[in-house]
Amino acid sequence: MTDLYIYYQVREADTAALHGAVTAMQAGLASACGAAPQLKRRPQARDGLQTWMEVYPAVPDGFEAALSAAVQQSGLAPLTAGPRHTEVFTDLNSCV
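Read on for a plain summary of the structure. Remember, it's a predicted structure, so these values are computed and weren't measured experimentally.

**Digging into the environment of Gly-75**
Within the secondary structure, Gly-75 is located in the loop between helix 2 (63-74) and strand 4 (85-90). For Gly-75, a relative accessible area of 33% gives the class partly exposed. Sequence separation between Gly-75 and Thr-86 is eleven residues, and the spatial gap between their C-alpha atoms is 18 Å.

**Comments concerning the nonpolar core**
Inside soluble globular proteins, nonpolar side chains tend to come together where they are buried. With 19 residues, the main nonpolar core has Leu-18, Met-25, Tyr-56, Phe-63 and Leu-67 as its most contacted residues. For this core, the secondary-structure elements that each account for two or more residues are strand 1 (2-11), helix 1 (15-33), strand 3 (49-59) and helix 2. In terms of residues, this core owes the most to one element, helix 1, which gives five residues. In contact with Leu-18, other than residues within four places in its own chain, are Tyr-8, Val-10, Trp-52, Leu-76, Leu-79 and Thr-80.

So, how was this worked out
Residues numbered from 1 in each chain as written. Predicted model: local features only at pLDDT ≥ 70, side-chain atom pairs only at ≥ 80, totals over all residues. Heavy atoms only, no water. Helix = DSSP H or I, 4+ residues; strand = E, 2+ residues; numbered from the N terminus. Buried < 20%, exposed > 50% of the residue type's maximum accessible area, 1.4 Å probe, protein only. Core = buried A, V, L, I, M, F, W, Y, C linked by side-chain atoms within 4.5 Å. Contact = heavy atoms within 4.5 Å.

Right under this line is the structure:
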């Protein structure tokens, strides 16, 4: 299984608008793709910026393309301070 972790910074003044946009986008992805998204942030702000993270556990094949399209349609770019960074993790299979 593949999990996606997307983190980025947001200006404190833009948090309410970004929260609404991200949660609406994630609801659409959950409905369309069966994803179970999460939204997190670091507890402290630094220099007027918060770090947020979107988590998409156990995503189906093709989800990254759906996410990219959803981000474009949701208009997140003007509300973030800099680029979105994506990390991909997969499950480890243990041999016992």
